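Remarks on the overall topology
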Amino acid sequence: MGLFGNFGGNKTITCPYCMDVVRKDSLRYTCKKCGTEYPSSIKVQSCKTKNCGGLLELKCPTCEKELPSMIFQFAQYIKFCIVGQTNCGKTNYITVMLEEFKQKLNKKMLIQPMNTETSDIQIENVDYLYNQKIELPPTPSGYLKPQLWQITDRTRYNKVKEAYKVYSLNIFDGAGEDYLHMTDDIRRYINGADYIFFLVDPLNLPAVRKQLGKSGANQNSSEELVNGMAQYLRMGFGLSAGKRIGKPVAVIFTKFDMIMELMGSAQITQENEAAFNGDYMRSDADAIDSEIRSWLESIGERYFLSALETNFKKTRFFGVSSYGHAPTASGVGTLMPHRVLDPVMWVLADKKIIK
Ligand SMILES: Nc1nc2c(ncn2[C@@H]2O[C@H](COP(=O)(O)OP(=O)(O)OP(=O)(O)O)[C@@H](O)[C@H]2O)c(=O)[nH]1
Ligand SMILES: [Mg+2]
Ligand SMILES: [Zn+2]
Ligand SMILES: [Zn+2]
């Protein structure tokens, strides 16, 4: 598969940085050395001007950022935004989910970083967790780099194009405290996302704390937690107050290891083995969703549920644990991730990429 050339058949591309949809025929390669421009349909990688040979770069006409050269090959774009309060487990979840995806699904789907920024972040975070076995530092405030990943579907080979189907996965994970104020960048990421991953630390829900015999010191109500986030997302989507949010929302309980004992023998306490084969088990996903809903109701978190219902049209519950156990003073130990792929499998199935 050549580096350049128009695969995918789409007439437009989506800039992963500013989310602008740009017509392919309006894109130009520019020589980094002499500035000569070339149409985006050329099949060469270096400047043809006499004695130049400079590298060609493709820039987004809107935000001027350099676009990954793979951008033409995407059959589909999947964009999601991770939101959640400070310290709720966002960065750990993303790191472990991507690493598990890479390790467990590589026979069917190959996941690769699209640029060095993305690969540097992941290499560093994986080193912390899997090699040094220590906790990740909090995400710095104002951190606004999207992670750009591509998924090559090894099961779908197009003989005519001599290419596998490739999907782009665009993840935006900011710092929790940044969700208190809206910037133009965050607005673009939220507005451009197809799915929202709303991560919730179950210990931020008063009724859960009560179940675990933990004091409820200065905890906001569950309703405030949901309303605050919904209000923020509405700003991102440009929706007026009170309007329900239509984009599908995965409500993901993190640190599930902390509440596993409260779930008895429910299905959620079992690992989802089908995910490791790249399969989506609708019956399992439905069971998890209803188990969590009825558990929340049974412990008295009805307000959390009704606040979600009032603010969002489509929600789906998940329970994950990035570590599989609580960290100790000496670190995170050997990770035993639990159901971290479930939300992504749901997205891939929703996009009809897997069955
Ligand atoms: N018990 C348990 N604790 C976890 C797990 N995942 C994360 N944590 C803890 O939760 C804390 C926050 O994790 P992060 O992933 O940094 O949270 P974040 O949402 O990215 O935080 P900010 O970037 O500061 O908003 C860390 O101290 C972790 O030790 C888990 O699976 N189980
Ligand atoms: Mg973080
Ligand atoms: Zn040149
Ligand atoms: Zn752009």
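Within each chain, residue numbers correspond to sequence positions counted from 1 in written order. Chains carry letters and ligands carry numbers; both start at the beginning, A for chains and 1 for ligands, and go up in the order they are written. In keeping with the predicted nature of the model, local features appear solely for residues at pLDDT of at least 70, side-chain atom pairs appear and are counted solely at 80 or more, and the whole-chain, interface and lining totals rest on all residues. Where side-chain values are given, they derive from all heavy atoms of the structure, hydrogens and water being excluded.

Helix and strand counts for the protein come out as eight helices and 12 strands. For the radius of gyration, the atom set is restricted to C-alpha positions; the globular benchmark scales as 2.2 Å times the number of residues to the power 0.38. For 355 residues, the compact-globule estimate of 2.2 N^0.38 gives 20 Å, and the C-alpha radius of gyration of the protein, at 22 Å, lies within 12% of that figure. Across its three principal axes, the protein shows a C-alpha extent of roughly 75 × 45 × 40 Å. Burial classification: accessible surface area is computed with a 1.4 Å probe over protein chains only, and a residue below 20% of its type maximum counts as buried, one above 50% as exposed, and the rest as partly exposed. Looking at the protein as a whole, 53% of its 355 residues qualify as buried. For the area figures, the Shrake-Rupley method with a 1.4 Å probe applies, and any residue is considered shielded solely by the protein chains shown. When the accessible surface of the protein is split by element, carbon and sulfur atoms take 49% of a total near 16,500 Å². Distance from the positive charge centre (44 side chains) to the negative charge centre (38 side chains) of the protein: 8 Å. A run of H or I in DSSP counts as a helix once it spans at least four residues, and a run of E counts as a strand once it spans at least two, with each numbered from the N terminus. For the charge count, each Lys or Arg is scored as positive and each Asp or Glu as negative, with His and the chain ends excluded. Just so you know, the charge point we use is NZ for Lys, CZ for Arg, CG for Asp and CD for Glu.

Not every one of the 22 residues close to ligand 1 is listed here, only the nearest: Lys90, Asn92, Glu135, Gly176 and Asp257. Two N or O atoms form a polar contact when they lie within 3.5 Å of each other; inside protein one atom must be a possible hydrogen donor and the other a possible acceptor, and for residues adjacent in sequence the pair counts only when both atoms belong to side chains. Within the side chain of threonine 139, an N or O atom sits 2.8 Å from an oxygen atom of ligand 1. Take tyrosine 323: an N or O atom from its main chain is 3.1 Å from an oxygen atom of ligand 1. Computed on the free molecule, ligand 1 has an accessible area of 650 Å², of which 93% lies beneath the protein chains in the complex. Whether a residue is near a molecule or strand depends on its heavy atoms: if one lies within 4 Å, it is near.

A donor here means any N, O or S atom no more than 2.8 Å from the metal (3.2 Å for Na, K and Ca); water is not included, so a site may seem to lack partners. Donor atoms from the polypeptide that bind the zinc ion (ligand 3) are Cys31 (SG), Cys34 (SG), Cys47 (SG) and Cys52 (SG), placed at 2.2 to 2.3 Å. Here the donor residues of the zinc ion (ligand 3) are spaced in sequence according to C-x2-C-x12-C-x4-C. Of the two residues, cysteine 31 is situated in strand S3 (residues 28–31) and cysteine 47 in the loop between strand S4 (37–39) and strand S5 (56–58); the sequence distance between them amounts to 16 residues. A relative accessible area of 4% places cysteine 31 in the buried class.

Turning next to the sheet that holds S5. Following DSSP output, two strands are said to pair if at least two bridges run between them. Strand order in this open sheet of three strands is S4-S3-S5, and the pairing throughout is antiparallel. Only two strands of the sheet have a single partner each, and these edge strands are S4 and S5. Geometrically, the sheet is characterised by an average inter-axis angle of 35 degrees between neighbouring strands, direction not taken into account. Inspection of the sheet shows S3 paired to S5 by three bridges, in the antiparallel sense. Of the residues in S5, the one forming a bridge with tyrosine 29 is leucine 58. Lines fitted to C-alpha atoms define the axes here, with helix axes fitted over just the stretch in contact, and angles between the N-to-C directions of these axes take values from 0 to 180 degrees.

For arginine 187, the position within the fold is in helix H3 (residues 184–192). Of the residues examined, arginine 187 reaches a relative accessible area of 34% and is grouped as partly exposed. Along the sequence, arginine 187 and cysteine 18 sit 169 residues apart, while their C-alpha atoms lie 9.9 Å from each other. In what follows, a contact means two residues having at least one pair of non-hydrogen atoms within 4.5 Å. Beyond its immediate chain neighbours, meaning those up to four positions away, arginine 187 contacts Met182, Met235 and Gly236.

Attention now moves to the coordination of the zinc ion (ligand 4). The zinc ion (ligand 4) binds to the protein through Cys15 (SG), Cys18 (SG), Cys60 (SG) and Cys63 (SG), with metal-donor distances spanning 2.3 Å. Classification of the site at the zinc ion (ligand 4) as tetrahedral follows from its four donor atoms and the range of 107 to 115 degrees in their angles at the metal. Mapping the donors of the zinc ion (ligand 4) onto the primary sequence yields the spacing C-x2-C-x41-C-x2-C. Pair noted here: cysteine 18 is in the loop between strand S1 (12–14) and strand S2 (21–23) and cysteine 63 is in the loop between S5 and strand S6 (74–83), with a separation of 45 residues, a long-range link. Angle rules define the geometry names used: all angles between 85 and 135 degrees makes four donors tetrahedral, while opposite donors over 155 degrees apart and all other angles between 65 and 115 make four donors square planar and six octahedral, leaving every other case irregular.

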